[in-house]
Amino acid sequence: MDDWTTSHDRVLAQRNAEGWMFLIEAARDLRTTGAIAPSSRTLARLLTDPVQEHGARPLNVLEAGAGTGSVTRTLIPRLSPSSRLDIVEANARFASQLRRLVRTHPRLAGESQRVRVHHALVEQLDTGRPYDVIISGLPFTNFTPAQVETIMNRYMELLHPGGTLAYFAYRGTRYARALTSSRAEARRHRAVEEVLAGYQRRYATGRWTVWTNLPPADVWQLRRPNDASAPAAPYILTGAAR
Ligand SMILES: C[S@@+](CC[C@H](N)C(=O)[O-])C[C@H]1O[C@@H](n2cnc3c(N)ncnc32)[C@H](O)[C@@H]1O
């Protein structure tokens, strides 16, 4: 067996193990885990595009709700030299898995201190650092509208003026919820979408649909204005990615 085959096999085995870990955590607590499978590579790439768009200067980046690290693994090689990454994850088992990923990631050899994993809720995180890019994997539609308002507001506070927030939302969840849950649940879901729509109207600069994700998802990019008195961000880009 050549080196490529063994390393390819190792990657497949690792993805398989992570898939199972995700499913087990979803069975334990579907509300917080928010999905039954890690994000696809296309979704991870779109979520991490803003890191590259900021160019070669060192950045402060925050990833919230990193799960087993499917987005983190795409993100780390895209960080410019001397950039710093904070990862915040609510689930203790995922946080340990993320620490292992950071310790062993070849791109971080000798400089894994550039990346810190915080086992915490993002709404309680205070690193004292503003961020150029925030990547959020949180399952907003499982939360209360008040929680979503708190978190989105905190994201905007944590961003540098001109900084970018990227997050995703699974498609079709409102209809699935309306069919399978109580009326109160469907109302809560709609109210969460309204909170998010308010932020999208004010700050969105782009939206892309990823069909090759389980389930398909929309990636949103929001930008904190450079100037608090500036008009709302123009909504400029839409598209689909496979
Ligand atoms: C839908 S999964 C996304 C995981 C990963 N980013 C991906 O795309 O495969 C949501 C993740 O957010 C975490 N999470 C949920 N609420 C959180 C919170 N308030 N603060 C930090 N992490 C949270 C969950 O434990 C889970 O790992």
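Below is a summary of the structure that appears in this document.

1. Focus on the overall build of the protein chain
- Looking only at helices and strands, one finds eight helices and eight strands in the protein chain.
- Against the globule reference of 18 Å for 242 residues, the protein chain gives a C-alpha radius of gyration of 18 Å, in line with a compact fold.
- Considering only C-alpha atoms, the protein chain reaches an extent of 55 × 45 × 35 Å along its principal axes.
- Within the span of the protein chain, comprising 242 residues, buried residues form 48% of the whole.
- For the protein chain, the share of sequence-separated contacts (at least 6 apart) that also reach a separation of at least 24 residues comes to 73%.
- Per element, the accessible surface of the protein chain, about 12400 Å² overall, is 54% carbon and sulfur.
- Positive and negative side-chain charges of the protein chain, numbering 32 and 22 respectively, have mean locations separated by a distance of 2 Å.

2. Details of the site of the ligand
- Taken together, 24 residues surround the ligand, and among them Ser39, Gly65, Ser70, Glu89 and Val122 come closest.
- Gly65 is positioned with one of its backbone polar atoms (N or O) 2.8 Å from a nitrogen atom of the ligand.
- Taking Ala90, its main chain carries an N or O atom lying 3.2 Å from a nitrogen atom of the ligand.
- Isolated, the ligand exposes 600 Å² of accessible area, and the fraction of that covered by the protein chains is 98%.
- Those elements that provide at least two residues to the shell around the ligand are helix H2 (30-33) and helix H4 (70-75).
- Of the residues assigned to the shell around the ligand, the class counts are 14 nonpolar, eight polar and two charged.

3. A few points about the packing of aromatic side chains
- This structure, assessed with the given rule, holds five aromatic pairs.
- Of the aromatic side chains, those joined through ring pairs into one cluster are Phe140, Phe143 and Tyr167.

4. Notes on the pairing of strand E7 (residues 217-223)
- Of all seven residues in E7, six are buried; the element is thus mostly enclosed.
- Across six bridges, the pairing between strand E6 (residues 204-210) and E7 is antiparallel. Across the sheet, Thr209 pairs through a bridge with Asp218, a residue of E7.

5. What about the pattern of salt bridges?
- Applying the stated rule across the entire model yields twelve salt bridges.
- Measuring nitrogen to oxygen at the nearest pair gives 3.3 Å for the salt bridge that ties Arg28 to Glu25. Taken together, the positions of Arg28 and Glu25, both in helix H1 (residues 3-28) and three residues apart, correspond to about one turn of that helix.
- Residues Arg57 and Asp132 are paired through a salt bridge, measuring 3.5 Å at the closest nitrogen-oxygen approach.

6. What about the packing of helix H6 (residues 145-158) against helix H8 (residues 183-203)?
- For the pair H6 and H8, interaxial distance at closest approach is 8 Å and the crossing angle is 20°. Taken together, the axes of H6 and H8 lie roughly parallel to each other. Like other packed secondary-structure pairs, H6 and H8 cross with a definite hand, here right-handed. Contact with H6, carried on its side by Pro145, Val148, Glu149, Met152, Asn153 and Met156, involves Arg188, Ala191, Val192, Val195, Leu196, Tyr199 and Tyr203 of H8 and no other residues of that element.

Criteria and cut-off values
All residue numbers refer to position in the chain's written sequence, counted from 1. Under the rules for a predicted model, residues below a pLDDT of 70 receive no local features and side-chain atom pairs below 80 are neither given nor counted, while totals for whole chains, interfaces and linings still include all residues. To obtain the side-chain values, all non-hydrogen atoms of the structure were used and water was disregarded. Secondary structure elements are taken from DSSP: a helix is a run of H or I of four residues or more, a strand is a run of E of two residues or more, and numbering for both begins at the N terminus. When we talk radius of gyration, it's over C-alpha atoms, and the globule rule is simply 2.2 Å times the number of residues to the 0.38. Exposed residues in this analysis have more than 50% of their type's maximum accessible area, buried residues have under 20%, and partly exposed residues fall in between, with area computed by a 1.4 Å probe over protein chains only. Pairs of residues are marked as contacts when any of their non-hydrogen atoms sit within 4.5 Å. The accessible surface values rely on the Shrake-Rupley method and a 1.4 Å probe; as for residues, cover is taken only from the protein chains in view. His is not counted, nor are the chain ends, whereas Lys and Arg count as positive and Asp and Glu as negative. Taken as the charge location is NZ of Lys, CZ of Arg, CG of Asp or CD of Glu. We call a residue near a molecule or strand as soon as one heavy atom of that residue lies within 4 Å of the molecule or strand. In protein, a polar contact requires one atom able to donate a hydrogen and another able to accept it; more generally it is a pair of N or O atoms within 3.5 Å, and residues adjacent in sequence count only if both atoms are side-chain atoms. Only Asp, Glu, Lys and Arg are considered charged, only Ala, Val, Leu, Ile, Met, Phe, Trp, Tyr, Cys and Pro nonpolar, and every remaining residue, Gly among them, polar. To pair, rings of Phe, Tyr and Trp, with the six-membered ring standing in for Trp, must have centres within 6.5 Å; the planes then decide the type, stacked if under 30 degrees apart, edge-to-face if over 60, and tilted in the middle. Here, a strand pair is defined by DSSP locating no fewer than two bridges between the strands. By definition here, a salt bridge exists when the distance from a side-chain nitrogen of Lys or Arg to a carboxyl oxygen of Asp or Glu is within 4 Å. Helix axes use the C-alpha atoms of the stretch in contact, all axes being lines fitted to C-alpha atoms, and the angles between their N-to-C directions lie in the range 0 to 180 degrees. Note on angle classes: values under 35 degrees are labelled roughly parallel, values over 145 roughly antiparallel, values of 65 to 115 roughly perpendicular, and the remainder oblique. Put simply, a crossing is left-handed when the front helix is turned counterclockwise from the back one by less than a right angle, and right-handed when it is turned clockwise.

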